[in-house]
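Structural overview for review
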Amino acid sequence: YYGAVVNPVDHSTLRDMSACLLGVGEAGTIDWLEEHVEDSMVQEVMAKHGYVDVELVALRQEEFLVPGFIDTHTHAPQVPNMGSGQQYELLDWLEKITFPMESKFRDPEFAKRTYPSVVRRIIDSGTTTCCYFGTIHLEGTKTLADIVHAYGQRAFVGKCNMDSNCPDHYKEPTVETSIAATKDLISHISRLPDSLVYPILTPRFAISCSAPLLKGLGDVAAADPSLAIQTHISENPSEVAFTRSLFPQHTSYAHTYAESGLLRSNTILAHAVHLTEDEIELIHQSGAGISHCPTSNFHLKSGVAPIGRYLDRGIKVGLGTDVSGGYSPSMLSAIQNASIASKVIEMNFREKSSGPPSPTQFTDKQLSMETLLYLATLGGAAVCNLEKIVGSFAVGKSFDALLVNVGNEARNPGIWGSAGSALGSVRGHLEQFLWGGDDPQITLVCRDKSRVALISLKLSCLLQS
Ligand code: GUN
Ligand code: FE
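Residues numbered from 1 in each chain as written. Chains lettered and ligands numbered in written order. Predicted model: local features only at pLDDT ≥ 70, side-chain atom pairs only at ≥ 80, totals over all residues.

Describing the overall build of the protein
Secondary structure summary: the protein contains 15 helices and 15 strands in total. Compactness check: the protein gives a C-alpha radius of gyration of 22 Å against a globular reference of 23 Å for 465 residues, within 12% of the reference. Its C-alpha atoms give the protein principal-axis dimensions of roughly 70 × 60 × 40 Å. Taking all 465 residues of the protein together, the buried fraction comes to 50%. (Helix = DSSP H or I, 4+ residues; strand = E, 2+ residues; numbered from the N terminus. Rg over C-alpha atoms; globule rule 2.2 N^0.38 Å. Buried ≥ 20, exposed ≤ 12 C-beta atoms within 10 Å, placed from the backbone.)

Side note on the nonpolar core
Formed by 119 residues in total, the largest nonpolar core has its most connected members in Val5, Tyr132, Leu144, Phe156, Val157 and Ala376. Broken down by element, the residue count for this core peaks at nine residues, all from helix α13 (residues 369–383). Mapped onto the domain boundaries, this core takes at least three residues apiece from domain 1 (2–66 + 393–464) and domain 2 (69–383). Apart from the residues within four sequence positions on either side, Ala376 is in contact with Phe69, Ile70, Leu319, Met331, Ala334 and Ile335. (Core = buried A, V, L, I, M, F, W, Y, C linked by C-beta atoms within 7 Å. Domains from an automatic or database assignment. Contact = placed C-beta atoms within 7 Å.)

Some remarks on helix α14 (residues 426–436)
Along α14, the residues classified as buried are Val426, His429, Leu430 and Phe433. Down the axis of α14, the sector holding all buried residues measures 100 degrees, keeping them to one side. Residues of α14 that are buried sit in contact with β1 (2–10), β2 (13–24), β4 (63–67) and β14 (401–405). (Arc of directions from axis to C-beta.)

Examining the packing of helix α5 (residues 175–191) against helix α6 (residues 211–223)
Contact geometry of α5 with α6 gives a least axis separation of 10 Å together with a crossing angle of 30 degrees. The angle between α5 and α6 places the two elements in the roughly parallel class. The two elements α5 and α6 meet at a crossing, and its hand is right-handed. Across the interface between the two elements, Val175, Ser178, Ile179, Thr182 and Lys183 of α5 pack against Pro212, Leu213, Gly216 and Val220 of α6. Here the residues of the contact of α5 with α6 are counted per class, giving five nonpolar, three polar and one charged. (Axes fitted to C-alpha atoms, helices over the stretch in contact; angles between N-to-C directions. Parallel < 35°, antiparallel > 145°, perpendicular 65-115°, else oblique. Left-handed = near helix turned anticlockwise from the far one by under 90°. Nonpolar A, V, L, I, M, F, W, Y, C, P; charged D, E, K, R; others polar.)

Observations regarding the site of ligand 1
Around ligand 1, the surrounding shell consists of His75, Leu90, Leu94, Thr98, Arg204, Phe205, His232, Glu235, Ser296, Asp322 and Gly325. A total of three residues in the shell around ligand 1 trace back to one element, the largest contributor, which is helix α2 (residues 90–103). Per-class residue counts for the shell around ligand 1 are three nonpolar, five polar and three charged. (Near = placed C-beta within 6 Å.)

With respect to the confidence of the model for the protein
Mean pLDDT over the protein stands at 93; residues scoring 70 or higher make up 94%. Note on residues 418–422: pLDDT under 50 across the span, and seven contacts to partners over four residues away in sequence or across chains. (pLDDT = per-residue confidence, 0-100.)

Quick notes on the pairing of strand β9 (residues 197–203)
Within β9, seven of the seven residues are buried, leaving the element largely enclosed by the surrounding structure. Residues Val197, Pro199, Leu201 and Pro203 line one face of β9 and the alternating positions Tyr198, Ile200 and Thr202 line the opposite face, and both faces are buried. Two elements, strand β7 (residues 154–158) and β9, share three bridges in a ladder whose sense is parallel. Bridge pairing in β9 links Phe156 to Tyr198. Examined bridge by bridge, strand β8 (residues 160–161) and β9 share two bridges and lie parallel to one another. (Pairing = 2+ DSSP bridges.)

Here's the deal with the pairing of strand β12 (residues 289–292)
For a regular strand, side chains alternate in direction, first toward one face of the sheet and then toward the other. What you see with β12 is no split at all: Gly289 and Ser291 on one side and Ile290 and His292 on the other are buried throughout. Of the strand pairs in this sheet, strand β11 (residues 267–271) and β12 are connected by three bridges, and their pairing is parallel. Among the inter-strand pairings, Ala270 is bridged to a residue of β12, identified as Ser291. In this view, the connection linking β11 to its parallel neighbour β12 by way of helix α9 (residues 277–286) has right-handed handedness. (Right-handed = clockwise from strand over helix to strand, strands pointing away.)

Some points on helix α4 (residues 138–151)
The first and last C-alpha atoms of α4 sit 20 Å apart over 14 residues, in line with the 20 Å expected at 1.5 Å per residue. Among the residues of α4, those classed as buried are Gly140, Thr141, Lys142, Thr143, Leu144, Ala145, Ile147, Val148 and His149. Taken together, the buried residues of α4 touch α3 (108–124), β6 (127–133), β7, α5 and β9. Following α4 by one or two positions, Gly152 adopts a phi angle in the positive range, close to 75 degrees. (Expected span 1.5 Å × (residues − 1).)

Looking at the packing of helix α12 (residues 331–352) against α13
Their axes nearest at 10 Å, the elements α12 and α13 cross at an angle of 140 degrees. Considering their axes alone, α12 and α13 lie oblique with respect to each other. Crossing of α12 against α13: the hand is right-handed. Contacts between α12 and α13 involve Met331, Ala334, Ile335, Ala338 and Ser339 from the first element and Leu372, Leu375 and Ala376 from the second. When its residues are assigned to classes, the contact of α12 with α13 shows seven nonpolar, one polar and no charged.

Observations regarding the environment of Leu246
Position of Leu246 among the secondary structure elements: in helix α7 (residues 237–246). Other than its neighbours up to four places away in sequence, Leu246 contacts Ala206 and Ile207.

What to know about the domain arrangement of the protein
Domain annotation of the protein identifies domain 1 (2–66 + 393–464) and domain 2 (69–383). Centre-to-centre separation of domain 1 and domain 2, based on C-alpha positions: 30 Å. At the interface, 23 residues of domain 1 touch 25 residues of domain 2. Counting residues per element, the ones that place at least two in the side of domain 1 that touches domain 2 are β1, β2, α14, β15 (442–446) and α15 (453–464). For the side of domain 1 that touches domain 2, the leading source of residues is α15, giving five residues.

In structure tokens form, the structure reads like this:
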């Protein structure tokens, strides 16, 4: 690939490379990467790396490559509900909007009909790695894992554990059945051939799990330290109060997970809006990551998560769409709302404080484009403990990439593409994409050469449209 490339580096740095040559090997990993390559030198540089008779993909001026987005938290069975229920807060929304939809997946045929378009919609929006909550149903969630696998997406897929405080029609009957189905799904996913799908323990949240169920899941986790875990934490004030009343023996919401053996370096905690100082410290010590879901936090009026504080503390943070608490499956929406959330925090800080700005790097400050890109890619990879494999372009990493085109006149009036003169800098194009972009600008979602599923899927969508 030859052209403009945007690469996250760390929490406050990105590299915009206007003439980058990137060698992707047969196995789909990045063999080499060279910057500042002039047009006339391309063949020579390729030959130097032993790339002779290799296809060259030359990007147009209005195109750039960026690492695929990593959605660290979403609910596949809620995608059909996107946009519904904005009048409710979390606990009412679960009862009135969410559980009725999720319970439909008890019918395996409904799951088979619905999940293909769900996964496809998520891929089309540029998510190359996704952490999925399924439902409580074993068959339906196996179907979800099979479909994700067939489409060649990298993902974690988990079956929700729920035996308490949920309607009879949408509840697991006993701890034993819940644990047995969980183990069944784990072995199903582990047996998928040549797969990029990982199993993940998915206690929905403390409210929906009895203490024995949490303990049983903790035992499953203890037997396999590599098994990832995902759940919700401290999203909404009524949820926090209810959780504290259910588990008075623990000193906090986070302690309920910790005491059950569910808080560790491969745990993904969604939301984390209302954590106490003790909980922040406990999470930091555990090495768990936080999935910041700002679209959902605004939509369900849950609150504004103090992400800058977590970053200054050194906690791993990624972004999540949390569909359908969030109304969009696109990580662009998560990025935009994360930006607004951080601006709300900075404005509140300014209103309350008359002194100088905080001396810390991120606390009480607007998140920069560099930080937002990092959270959507490499930060998410770190939350999933996949930062050695995905999240940025580097030698040895998998080529999970988006090819973005900001030159579509119908969507970006005034940018005329190669023939025009209104093209800006690579950074300018990135900014335009992150705040003004949408799915049609992602012209290609590519994984690698051996797994062409994502590529052909996206191309088929383009052909149809
Ligand atoms: N807490 C427990 N379940 C859910 C869910 O499905 N969505 C959100 N946003 N929060 C939850
Ligand atoms: Fe959620």
